[in-house]
Amino acid sequence: MSKIITYILSFVTLLGFVGCHAEVDDMPDVANDNYIKLYFAPYGDTRGTIADNECESYLSHLDIVIYKHNGGDSYEGFYHERVSVSDTPDGVTAIRRTKEDFEPMAYYKIYVIANSNVEESVYYNSGNIISHSNFLDLDQTNNKIHLSGIDFGKPYSEYPQMFLMDGVAYMGSTEPAQGGSMIINNGTTDDVTLRVTLRRAAAKIIVTITPGDKVTFTPELIAQSQGYLLRNMPVRSTLVAEGGYPLTEGDTRPYWTSPTISQSPYFELLGNEKSGYKLQITAYCYSHTWLSSETFYKGTSLVVMLPISYKESEESEPVKYINNYYQISFSKNESEGDNTTESYHLIKRNTLYDLRVKLNAPGAEDYTTPEEIKDLEYFTTPWQRVDIPVS
């Protein structure tokens, strides 16, 4: 059963001001029922065939950004506050707005962003909330997103230790298909209850490679030479899903990269000599989209260095392939109907990609020209707590 991160915001009486930003020194006592309260719990974790990675649900801080919606594309900055989640282990904090701070019968849109590496001054500077259009364009880069969570809990690490998440607050018990604006101050004295579901900006990929009847994996072979890299790995993401994909024109920052071959805990040989071995690789990357015609130079794929023992037939002797490379594409056609000219492939936010491969032939000797594996099982699901049986 998935645990959905739910933030309940209760609005009661406080003094306030419009187009503002909360200072830490003004932090109220959250135990007082007269303050706005924000209740939260972890989104839920992903349980596959590897142990949970704690960083997947870790929350460090929240940025609450509120805009008054004047209709159409017209938004007016109203409020920003950064909340430290780590300072509230009991799962409740306070935001410093009240129902009376909102204009009666006016519409507001409330964004919540978790774990962003954007400086607080970007949201609020010189007395102004960032404009709505510029807010949607905000993005962040994590060049080692694929190795997120390694060294989790250690004070210093070169790898990301948490995931960017976002959501739009809503009223009622059911999340709408698309987050929108709502009336906070309806002229009554009733408290207002809001919820927000936070989803990760990244995707998670689990690739399981099982040997066919002609191929054998062994720990001895794997120890000689093993590793992987993500080719054309998206490393930049907008902070909020509504912002789409990051702007690329005139921007010198990388949108995607191809890191060097990694040897990490996410490359795992599972099983034993009696039952046989299989390989499982876990990786993370940001969302991206590309047309079918762009797949060769923009498509994201996994290149695996996997030593094997190969036996062509019962009568032949097994041959060891040490420098042995395969490529597994993450491309999935998302076109609709018969329109193949505009068909596209994509990696979606907060999606778990479960790719299963049965290997029955040697690969290539050079990682720059790996043997492409096209015969694979491809499953997708929202990234939340799921059990993934791998046979």
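Residues numbered from 1 in each chain as written. Predicted model: local features only at pLDDT ≥ 70, side-chain atom pairs only at ≥ 80, totals over all residues. Heavy atoms only, no water.

### Some points on the overall build of the protein chain
Check the secondary structure of the protein chain and you find four helices and 32 strands. For the protein chain, the residues scored as buried account for 50% of the 391 residues in total. Expressed as a percentage of contacts within the protein chain between residues at least 6 apart in sequence, the contacts between residues at least 24 apart total 77%. (Helix = DSSP H or I, 4+ residues; strand = E, 2+ residues; numbered from the N terminus. Buried < 20%, exposed > 50% of the residue type's maximum accessible area, 1.4 Å probe, protein only. Contact = heavy atoms within 4.5 Å.)

### Quick notes on the nonpolar core
Counting 63 residues, the largest nonpolar core has Phe135, Ile209, Phe217, Leu302 and Leu306 as its most contacted members. The leading source of residues in this core is strand E23 (residues 276-286), at seven residues. Beyond its immediate chain neighbours, meaning those up to four positions away, Leu306 contacts Ile209, Phe217, Ile222, Leu279, Tyr321, Asn324, Tyr326 and Leu359. Among the nonpolar cores identified, the runner-up in size contains 22 residues, and Tyr79, Val85, Tyr108 and Val192 belong to it. (Core = buried A, V, L, I, M, F, W, Y, C linked by side-chain atoms within 4.5 Å.)

### Focus on the side chain of Ser329
Locating Ser329 in the fold gives a position in strand E28 (residues 325-329). Note on Ser329: relative accessible area 17%, which makes it buried. Setting aside its immediate chain neighbours within four residues, Ser329 contacts Thr300, Ser301, Leu355, Glu372 and Leu376.

### Points about the sheet that holds strand E25 (residues 301-305)
Ordered in space as E18-E25-E28-E31, the four strands form an open sheet in which the pairing is mixed. A strand with exactly one partner marks an edge of an open sheet, and here the two such strands are strand E18 (227-231) and strand E31 (371-373). Here the strands of the sheet are splayed against their neighbours by 25° on average, with no regard to which way each runs. Both E25 and E28 contribute to a ladder of five bridges, which runs antiparallel. Bridged to Leu302 within E28 is Ile328. (Pairing = 2+ DSSP bridges. Axes fitted to C-alpha atoms, helices over the stretch in contact; angles between N-to-C directions.)

### Side note on the side chain of Thr208
Note that Thr208 resides in strand E16 (residues 202-211). A polar contact of 3.3 Å, which involves the side chain of Thr208, links it to the side chain of Gln280. (Polar contact = N/O pair within 3.5 Å; in protein donor to acceptor, adjacent residues only side chain to side chain.)

### A few points about the sheet that holds strand E26 (residues 308-310)
In space, the three strands of this open sheet follow the order E17-E26-E27, with antiparallel pairing throughout. Two strands close off the open sheet at either side, each with one partner strand: strand E17 (215-216) and strand E27 (319-321). Here three bridges tie E26 to E27, and the two strands are oriented antiparallel to one another. Residue pairing for E27: Ser309 is matched across the bridge by Lys320.

### With respect to the environment of Leu194
Looking at the secondary structure, you find Leu194 in strand E14 (residues 192-195). Its relative accessible area of 0% is what places Leu194 among the buried residues.

### Digging into the packing of aromatic side chains
According to the stated counting rule, one finds 15 aromatic pairs in the structure shown. Site record: aromatic cluster; members linked through ring pairs are Phe163, Tyr266, Tyr284 and Trp383. The aromatic ring of Trp383 is capped on one face by Arg200, whose charged end is 4.2 Å from the ring centroid. (Phe/Tyr/Trp six-rings, centres within 6.5 Å; stacked < 30°, edge-to-face > 60°. Lys NZ or Arg CZ within 6 Å of the ring centre and 35° of its normal.)

### Some remarks on the pattern of salt bridges
Under the definition given, this model contains twelve salt bridges. Between Asp63 and Arg82 there is a salt bridge, with its nearest N and O atoms 2.9 Å apart. Placement of the pair is Asp63 in strand E4 (residues 61-71) and Arg82 in strand E5 (residues 74-84), with a sequence separation of 19 residues. By relative accessible area, which is 0% here, Asp63 ends up buried. For Arg82, a relative accessible area of 24% gives the class partly exposed. In this structure, Arg97 and Asp101 form a salt bridge, with 3.6 Å as the shortest nitrogen-oxygen distance. (Salt bridge = Lys/Arg side-chain N within 4 Å of Asp/Glu carboxyl O.)

### Some details on unusual backbone geometry
Unusually for a residue other than glycine, Asn115 sits at a positive phi of about 65°. You can see Asn115 is positioned in the loop between strand E7 (107-114) and helix H1 (120-123). Positioned with a positive phi, Ser126 is a non-glycine residue whose angle comes to about 55°. Here Ser126 is to be found in the loop between strand E8 (124-125) and strand E9 (128-129).

### Considerations on the confidence of the model for the protein chain
Chain-level pLDDT for the protein chain is 81 on average; 78% of the residues reach the 70-or-more range. Note that pLDDT drops below 50 for residues 1-18; the model gives that stretch 85 contacts with residues more than four away or on any other chain. Segment residues 23-34: pLDDT under 50, and 19 contacts once partners within four positions in sequence are set aside and those in other chains are kept. (pLDDT = per-residue confidence, 0-100.)

### What to know about the environment of Tyr108
You can see Tyr108 is positioned in strand E7. What makes Tyr108 buried here is its relative accessible area of 2%. The sequence separation of Tyr108 and Gly180 amounts to 72 residues, and the corresponding C-alpha distance is 8.4 Å. Those residues in contact with Tyr108, other than ones at most four positions away along the chain, are Ile66, Tyr67, Lys68, His69, Phe78, Phe102, Glu103, Gly180, Ser181, Met182 and Ile184. At 2.9 Å, the side chain of Tyr108 and the backbone nitrogen of Glu103 are in polar contact.

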